[in-house]
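Residue-level listing of the chains:
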Amino acid sequence: MRSIQNQLDDNYDRLNRLRLRKNEILTKLGELQTITQNAKSARDEKNKLIAEKKAARDQLHKEKAEITANIKELVAKKRAIIANAKEPEDILVSQLKEITWRYQTTTLSMDEDRKAVQEIAELEKKLLYFKKTKDVDQEIRKLRSRFNELKSKANATHNEVLMLAEESKRHHETLIRAHNEGAALARELDGIRAEMSALWDDIQRSKIQLSESRAHFDEAKTIAMQQKAERLAEQAKLLMTRRTELAERATEKLKKGERLTFEEYGALLEEKAA
């Protein structure tokens, strides 16, 4: 019984320790679940922003490519215009200034005047090519300015994508760590539950054994007490018989005037007192 009770006490202590650990794990699993949900939500939000930023960046690159194509077209247009100009611009300008000054400051005949006007018109027509190239250059500068603006925006957007990707990675790593820790705790929890179930089965068997042992003990104790009572009764009966025999012998000796032993004398007194 003592051995079974000790085993019961040990099992209850172990069961309580396991129950405390189980509660700790359940609390931690709840905390990890919150961490997992928050990390997943934050990661998904960052990934959503990354997709939006990437789309914006791609659109900027697309616009840059379109501008680059336009610039190439304008450069080709400028080259074609310059190719049609047979003389350098500075020479034509010099000639125009010279003829214009002479036309304005010199008295010319009708033929000379008509010729000068024709030459001025011809030179202005030739210079028109270079004016067109200046217009093209101005348009190219505007496009390049827009290109640089788009490039800066695209670079800034790309940096935002990298920053968001790093944040998403950190949230994902937090999610993975929490998942792995939760999986390890879940495995430990399964082991604890299995051990608690086994302990509980042992406790129930020990209770039955203890109850049976107590019943056997009580039965054995009752039998032992009965046997002891019977032995005592038998001993008392023997003593009474012995005392009666001694008392009778003492009585016979007294009649004969014989001397009594101490035991015979005591038995005679007890017999008379009874």
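Here's what I pulled together on the structure shown here. The structure presented is a predicted model; accordingly, all values stated were derived computationally and were not measured. (Residues numbered from 1 in each chain as written. Predicted model: local features only at pLDDT ≥ 70, side-chain atom pairs only at ≥ 80, totals over all residues. Heavy atoms only, no water.)

**Quick notes on the side chain of Asn11**
Okay, step 1: The topology assignment puts Asn11 in helix α1 (residues 2-84).
Okay, step 2: According to the relative accessible area criterion, Asn11 is buried, its value standing at 6%.
Okay, step 3: In contact with Asn11, not counting residues within four places along its chain, are Leu199, Asp202 and Ile203. (Helix = DSSP H or I, 4+ residues; strand = E, 2+ residues; numbered from the N terminus. Buried < 20%, exposed > 50% of the residue type's maximum accessible area, 1.4 Å probe, protein only. Contact = heavy atoms within 4.5 Å.)

**Looking at the nonpolar core**
Okay, step 1: The biggest cluster of nonpolar side chains holds 14 residues, and the ones touching the most others in it are Leu15, Leu18, Ile25, Ile192 and Met196.
Okay, step 2: Per element, the largest residue contribution to this core is eight residues, and it comes from helix α3 (residues 110-256).
Okay, step 3: When sequence neighbours within four positions are dropped, the list of residues in contact with Met196 reads Leu15, Leu18, Arg19 and Lys22.
Okay, step 4: In terms of nonpolar packing, the next biggest core, distinct from the first, is built from 10 residues, Ile67, Leu74, Ile81 and Val136 among them. (Core = buried A, V, L, I, M, F, W, Y, C linked by side-chain atoms within 4.5 Å.)

**Observations regarding the environment of Lys134**
Okay, step 1: Here Lys134 lies in helix α3.
Okay, step 2: Under the relative-accessibility criterion, Lys134 is labelled partly exposed at 43%.
Okay, step 3: Placed 56 residues apart in sequence, Lys134 and Lys78 show a C-alpha to C-alpha distance of 8.8 Å.

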